[in-house]
Amino acid sequence: MIKYRLKCKDCEIISDSWFSSFKDFDKIKKLKLLTCNSCGSNKIEKSLMSPNLSNNKKKFSSNENLKIKEIKNKLKIYQKFVKDNFRYVGKNFSYEARSLIYDTKNNEKGIYGKATKEEIEELNDEGIKADIIPWVNEKEN
Ligand SMILES: [Zn+2]
């Protein structure tokens, strides 16, 4: 599939259309089957084409990308704080979280690690404050 950006010469309206191939576009154009959605003119020309990206991933605009980057940066700062101040306990999170609360000798400020949503809910039910935070992969920009 090829995507063509079509421009009407008469009313200058631009629309995107999909064609199975370049030849397909040519054929339809020659048969004057290509008409403007807005004014009905068949003076349609293609102004730009972009290859069909086979994945369905939603593309973000540059503005959105900037926002995402901003959020990621904030998360990284937050992550750094967590890493600097808390002890990583991996999958033992809920066990360690309980010992942090119930073991009076344990005077750690906090821990972080992996836990399921259910484990977090259990901890919250017991009155132990635990939160899920999105974790940004260091390698990601
Ligand atoms: Zn038109």
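Computed from a prediction, not measured in an experiment: that's the story for all the values here.

What counts as what
- Within every chain, residues take consecutive numbers counted from 1 along the sequence as written.
- At least 70 in pLDDT is required for a residue's local features to be given in this predicted model, at least 80 for side-chain atom pairs to be given and counted, and no such filter applies to totals for whole chains, interfaces and linings, which use all residues.
- Labels follow the DSSP assignment, with helices taken as runs of H or I lasting at least four residues and strands as runs of E lasting at least two, numbered in each case from the N terminus.
- The exposure label follows from counting other C-beta atoms within 10 Å of a residue's C-beta, where the C-beta atoms are placed from the backbone and the thresholds are 20 or more for buried and 12 or fewer for exposed, leaving partly exposed in between.
- With C-beta atoms placed from the backbone, a contact is any residue pair whose C-beta atoms sit within 7 Å.
- Pairing between strands requires that DSSP locate at least two bridges from one strand to the other.
- By convention in this section, buried Ala, Val, Leu, Ile, Met, Phe, Trp, Tyr and Cys residues joined through C-beta atoms within 7 Å make up a nonpolar core.
- Every axis corresponds to a line fitted to the C-alpha atoms, with the helix fit spanning only the stretch in contact, and the corresponding angles, defined between N-to-C directions, vary from 0 to 180 degrees.
- For classification, angles of less than 35 degrees are called roughly parallel, those exceeding 145 degrees roughly antiparallel, those between 65 and 115 degrees roughly perpendicular, and all remaining angles oblique.
- Two helices that cross are described as forming a left-handed crossing if the nearer one is turned anticlockwise from the farther one by less than a right angle, and a right-handed crossing if clockwise.
- When residues are grouped by polarity, Ala, Val, Leu, Ile, Met, Phe, Trp, Tyr, Cys and Pro land in nonpolar, Asp, Glu, Lys and Arg in charged, and all others, Gly among them, in polar.

Caption draft 1: Seen up close, the overall build of the protein. Along its length, the protein carries four helices and five strands. Here the protein holds 141 residues, and 10% of them are scored as buried. Within the protein, contacts between residues separated by at least 24 positions form 54% of all contacts whose residues are at least 6 apart in sequence.

Caption draft 2: Looking closely at the pairing of strand 2 (residues 14–19). Relative to strand 2, strand 1 (residues 2–8) is paired through six bridges, and the arrangement is antiparallel. Opposite Lys-3, over in strand 2, you have Trp-18 as the bridge partner. Taking the residues that link successive antiparallel strands as the turn, the strand 1-strand 2 hairpin has five residues, and the phi of Glu-12 there is positive, at about 65 degrees.

Caption draft 3: Quick look at the environment of Phe-60. Locating Phe-60 in the fold gives a position in the loop between strand 3 (44–51) and helix 2 (62–85). C-beta crowding within 10 Å serves as the criterion here: with 11 such atoms nearby, Phe-60 is assigned to the exposed category. Other than its neighbours up to four places away in sequence, Phe-60 contacts Asn-65 and Ile-68.

Caption draft 4: Main features of the nonpolar core. Tyr-4, Leu-6, Cys-8, Phe-19, Phe-25, Leu-34 and Ile-44 together form the largest nonpolar core, which totals seven residues. Element by element, the count of residues in this core is highest for strand 1, at three residues. For Leu-6, the residues in contact, after removing those within four places along its chain, are Ile-14, Ser-15, Ser-17, Ile-44 and Lys-46. One finds Ala-97, Ile-111, Tyr-112 and Ala-115 within the second-largest nonpolar core, a separate group that totals five residues.

Caption draft 5: Layout of the packing of helix 3 (residues 93–102) against helix 4 (residues 117–125). Direction vectors running N to C along helix 3 and helix 4 enclose 15 degrees, while the axes themselves pass 10 Å from each other. The pairing of helix 3 with helix 4 is recorded here as roughly parallel in orientation. As helix 3 runs across helix 4, the sense of the crossing is right-handed. Contacts from Phe-93, Ser-94 and Ala-97 in helix 3 reach Glu-119, Glu-122 and Leu-123 in helix 4. Looking at the contact of helix 3 with helix 4 residue by residue, the classes come out as three nonpolar, one polar and two charged.

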